[in-house]
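# Commentary on secondary and tertiary structure
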Amino acid sequence: MTSEESTVWSTVFFKVKGTIFQVPPHRFTEHSEDFANMFHMPRAGHAESVEGKDKEHPIVLDDYEAADFRALMKVLYPAPKDVISGAYTLTKEEWVGVLNLSTRWRMRQMREHAIGNLSKMSLTSFEKVTFARAHKVAKWLKEGLNEIVTQEETFEPDELKLHLGLETAFRLVWIQNQALKRPPAMSPSSNPQFTLGSLSCSKCHSAMFNSPQYCQHCGRTISVNAPEDISHIGKVGSLKVNSQNLRCGGCTRIPLQMQSYACPSCHSSTSYKNFRLMASTHQSPRPDAKVEDVFKEEIASYESWDQ
Ligand SMILES: [Zn+2]
Ligand SMILES: [Zn+2]
C-alpha cells in the first residue's frame, strides 16, 4: 500500500448523539469544504491533535441525529453489494436526514440528490412547506403554499397554525380572500360599464350584438356601448346572463324579447337565458395576489442558498 492510499482509507471517529461512527473521511472532504478545512487545517497549539483518531477521542457532533448521519453514510459510502442487487434505497425519513446534513455541511451535490429523490416521493403540501423551511428549498415552498391556497379541501384554523405557523396561515387566508373578492367585479349589476355589447354568444364567446336593439316596451334605442341604456339586476353566479335580469334605461322593464338570438360571428343561436358575459366585462382590474409575491423575500432567501 502506498502512503497516499493509506491516507485515503484512514478512518476517523465521529460521535453523533451517543453513537460512535468509524468512517473514512475522504468523501466528507470531497463533498464539503467545511470538512476539508476541519481535516486539513492544523489546529493552533494542537499540532498533534488526536481529535477523531480513536474511539476515546471522537469528533463530537452533538447537534445532529445519529439516524441522519447513518443515512448520509449510505449515500457517501454505498455498499457495492446493495448497489448491484438494487437494494440501495433510502426511505423518505433517510432522504430528509441526508438533506438536513448536506444542507448544514454545504454538500451541494448530496443536497441536490436528496431534493431530487424526495421530489419523486409523494410529499403532502404541508410536508413541502415544512421541509422547505427546515432545509431552504424554494421550489417546495412555492409548490406547497400554492397547493394549500388552491385546493378544494379547506383546513381547520388549528391545522394551518400547527403546520404553517400563524403568520403564514394569515397570509394564505389573505391571498384566498383577495381571490374571493373577484366575483363582485364579475357581476354586471355592480359594474357601471355593463352594456348591450357585454353580452356574448354562448358558443364562440364573441359579441352577440353589433348593432343597437330597441326596447320591446318603450322603443328606446339600446346602444351597444352605452351603459345608461341597459342595466343588470341581481347577482350573477357564473358567466351566464339571463336577459330577464336586464332592465331598460328608459322604462326599467325587460328590453329584449324572450327568444333565441343568432350569433353574427358563428351563426349558432343562443337563448335569451344563456348569454355569456364578454371577457372584458368580468376581468378583474387588479391581478390576483400570488404566493410568489406575498412570500417573495422568503423564497428569495432560499433561492440564494443554491447559488
Ligand atoms: Zn324600455
Ligand atoms: Zn357565436
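Right above here is the structure, for reference.
Scope of this entry: the structure provided in the associated data block. (Residues numbered from 1 in each chain as written. Chains lettered and ligands numbered in written order. Predicted model: local features only at pLDDT ≥ 70, side-chain atom pairs only at ≥ 80, totals over all residues. Heavy atoms only, no water.)

## Points about the coordination of the zinc ion (ligand 2)
Protein-derived ligands of the zinc ion (ligand 2) are Cys201 (SG), Cys204 (SG), Cys263 (SG) and Cys266 (SG), with the metal-ligand distances lying across 2.2 to 2.3 Å. Metal-centred angles of 106 to 114° between the four donor atoms at the zinc ion (ligand 2) mark the site as tetrahedral. Read in sequence order, the donor residues coordinating the zinc ion (ligand 2) give the pattern C-x2-C-x58-C-x2-C. Of this pair, cysteine 201 sits in the loop between strand S4 (199-200) and strand S5 (213-214) while cysteine 266 is found in the loop between strand S10 (260-262) and strand S11 (269-271), placing the two residues 65 residues apart along the sequence. You can call cysteine 201 buried: its relative accessible area is 0%. (Donors = N, O, S within 2.8 Å, 3.2 Å for Na, K, Ca; no water. Tetrahedral: all angles 85-135°; square planar, octahedral: opposite > 155°, others 65-115°. Helix = DSSP H or I, 4+ residues; strand = E, 2+ residues; numbered from the N terminus. Buried < 20%, exposed > 50% of the residue type's maximum accessible area, 1.4 Å probe, protein only.)

## Focus on the pattern of salt bridges
Evaluation of the coordinates by the stated rule reveals eleven salt bridges. Among the salt bridges present, the one from aspartate 34 reaches arginine 106, with a minimum N-O distance of 3.8 Å. In this pair, aspartate 34 sits in helix H3 (residues 33-40) while arginine 106 sits in the loop between helix H6 (92-104) and helix H7 (108-120), placing the two residues 72 residues apart along the sequence. Through salt bridges with shared partners, one network takes in Lys128, Glu143 and Glu147. (Salt bridge = Lys/Arg side-chain N within 4 Å of Asp/Glu carboxyl O.)

## With respect to the sheet that holds strand S8 (residues 240-241)
The strand order across the open sheet built from three strands is S4-S12-S8, with neighbouring strands paired in antiparallel fashion. Two strands lie at the open edges of the sheet, namely S4 and S8, each paired on one side alone. Both S8 and strand S12 (residues 275-277) contribute to a ladder of two bridges, which runs antiparallel. In the strand pairing of S12, valine 241 is matched with phenylalanine 275. (Pairing = 2+ DSSP bridges.)

## As for helix H9 (residues 138-150)
Helix length check: H9 (13 residues) gives 18 Å between terminal C-alpha atoms against 18 Å at 1.5 Å per residue, within 8%. Turning to H9, its buried residues are Ala138, Trp140, Leu141, Gly144, Leu145, Ile148 and Val149. For H9, the buried positions fall inside an angular range of 160° around the axis, keeping them on one side. (Expected span 1.5 Å × (residues − 1). Arc of directions from axis to C-beta.)

## Some thoughts on the coordination of the zinc ion (ligand 1)
The protein atoms that coordinate the zinc ion (ligand 1) are Cys215 (SG), Cys218 (SG), Cys248 (SG) and Cys251 (SG), at distances of 2.2 to 2.3 Å. Relative to the metal, the four donor atoms surrounding the zinc ion (ligand 1) lie at angles of 105 to 112°, and the coordination shape comes out tetrahedral. Along the chain, the residues donating to the zinc ion (ligand 1) are arranged with the sequence spacing C-x2-C-x29-C-x2-C. Placement of cysteine 218 in the loop between S5 and strand S6 (221-222) and of cysteine 248 in strand S9 (residues 246-248) is noted, with a sequence separation of 30 residues between them. A residue is classified by how much of its surface remains accessible, and cysteine 248, at 2% relative accessible area, is buried.

## Let's talk about the pairing of strand S2 (residues 19-23)
As paired strands, strand S1 (residues 12-16) and S2 are joined by five bridges and run antiparallel to one another. By the bridge assignment for S2, phenylalanine 14 is matched with phenylalanine 21. Adjacent in sequence and paired antiparallel, S1 and S2 are bridged by two residues, among which lysine 17 carries a positive phi angle near 45°.

## Re the environment of tryptophan 305
Here tryptophan 305 is to be found in helix H15 (residues 296-305). Here the alpha-carbon distance between tryptophan 305 and alanine 138, two residues 167 residues apart in the chain, equals 9.1 Å. Once residues lying within four places of it in the same chain are set aside, the contact partners of tryptophan 305 are Ser102, Thr103, Arg106, Arg108, Arg111 and Lys136. (Contact = heavy atoms within 4.5 Å.)

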